[in-house]
Amino acid sequence: MTWLLRLFLRPWWLVVRVHGDSMEPALHDGDLVLARRRAGRTPRRGDIVVLRRPAAAAPPPGAEVVHGGPTPATPSPWLVKRVAAVPGDPLPPDVPAAAPGPVPAGMVVVLGDRPGLDSRLFGPAPLATVHATVVRTIASAR
């Protein structure tokens, strides 16, 4: 019966373990969160999302990224971040961009609640990398 339930829910829901402290105080290292898979819906400002690490998400040489989680040698392919700006919104001042102006169509700015590996380092992320929107914490590490 459990496998049937998993098979049924898998297309719509995702359970993710948070790694690192970049989302504190909202989420803590080790928390389990339930996320609804994105079905063509653009995330809204303030949503916490699960996104695939953009290709440009490697920190620049010599940069110190304080976010905990997997070791730099084996970085997780996923990030859990808060949406700070959506297409058409002004770019936050600390987010690098190819050109000044609003967030481009098809992009989103994601930030941790604390400094870490987010749009402050890699700029706006493609909307296509956003995989799911966090709905709630289902198990707290605290």
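Just above, that's the structure.
Definitions and limits used
- Residues numbered from 1 in each chain as written.
- Predicted model: local features only at pLDDT ≥ 70, side-chain atom pairs only at ≥ 80, totals over all residues.
- Heavy atoms only, no water.
- Helix = DSSP H or I, 4+ residues; strand = E, 2+ residues; numbered from the N terminus.
- Phe/Tyr/Trp six-rings, centres within 6.5 Å; stacked < 30°, edge-to-face > 60°.
- Lys NZ or Arg CZ within 6 Å of the ring centre and 35° of its normal.
- Salt bridge = Lys/Arg side-chain N within 4 Å of Asp/Glu carboxyl O.
- Buried < 20%, exposed > 50% of the residue type's maximum accessible area, 1.4 Å probe, protein only.
- Pairing = 2+ DSSP bridges.
- Contact = heavy atoms within 4.5 Å.

### Side note on unusual backbone geometry
Then comes step 1: The linkage connecting Glu 24 with the following residue, Pro 25, adopts the cis geometry, with an omega of 15 degrees.
Then comes step 2: Mapped onto the fold, Pro 25 is located in the loop between strand S1 (13–17) and strand S2 (32–37).

### Overview of the packing of aromatic side chains
Then comes step 1: Enumeration over the complete set of coordinates arrives at zero aromatic pairs.
Then comes step 2: When the ring centre of Trp 78 is taken as reference, the NZ or CZ atom of Arg 52 above it lies at 4.2 Å.

### Examining the pattern of salt bridges
Then comes step 1: Under the criterion given, the structure shown has five salt bridges.
Then comes step 2: For the salt bridge of Arg 114 with Asp 21, the shortest nitrogen-to-oxygen distance reads 3.7 Å. Of this pair, Arg 114 sits in the loop between strand S5 (107–111) and helix H2 (119–122) while Asp 21 sits in the loop between S1 and S2; the two residues are 93 residues apart in sequence, bridging distant segments of the chain.
Then comes step 3: With relative accessibility at 23%, the residue Asp 21 sits in the partly exposed group.

### Structural notes on the pairing of S1
Then comes step 1: With burial as the criterion, only one face of S1 is covered, namely that bearing Leu 14 and Val 16; the residues Trp 13, Val 15 and Arg 17 on the opposite face remain uncovered.
Then comes step 2: Pairing analysis gives five bridges linking S1 to S2, with the strands arranged antiparallel. By the bridge assignment, Val 16 is partnered in S2 with Val 33.

### Digging into the side chain of Ser 119
Then comes step 1: Tracing the backbone through its elements, the reader meets Ser 119 in helix H2.
Then comes step 2: Residue class for Ser 119 comes out buried when judged on its relative accessible area of 0%.
Then comes step 3: Each residue touching Ser 119, except ones within four places of it in the same chain, is listed here: Val 95, Pro 96, Val 108, Val 109, Val 110, Leu 111, Pro 124 and Ala 125.

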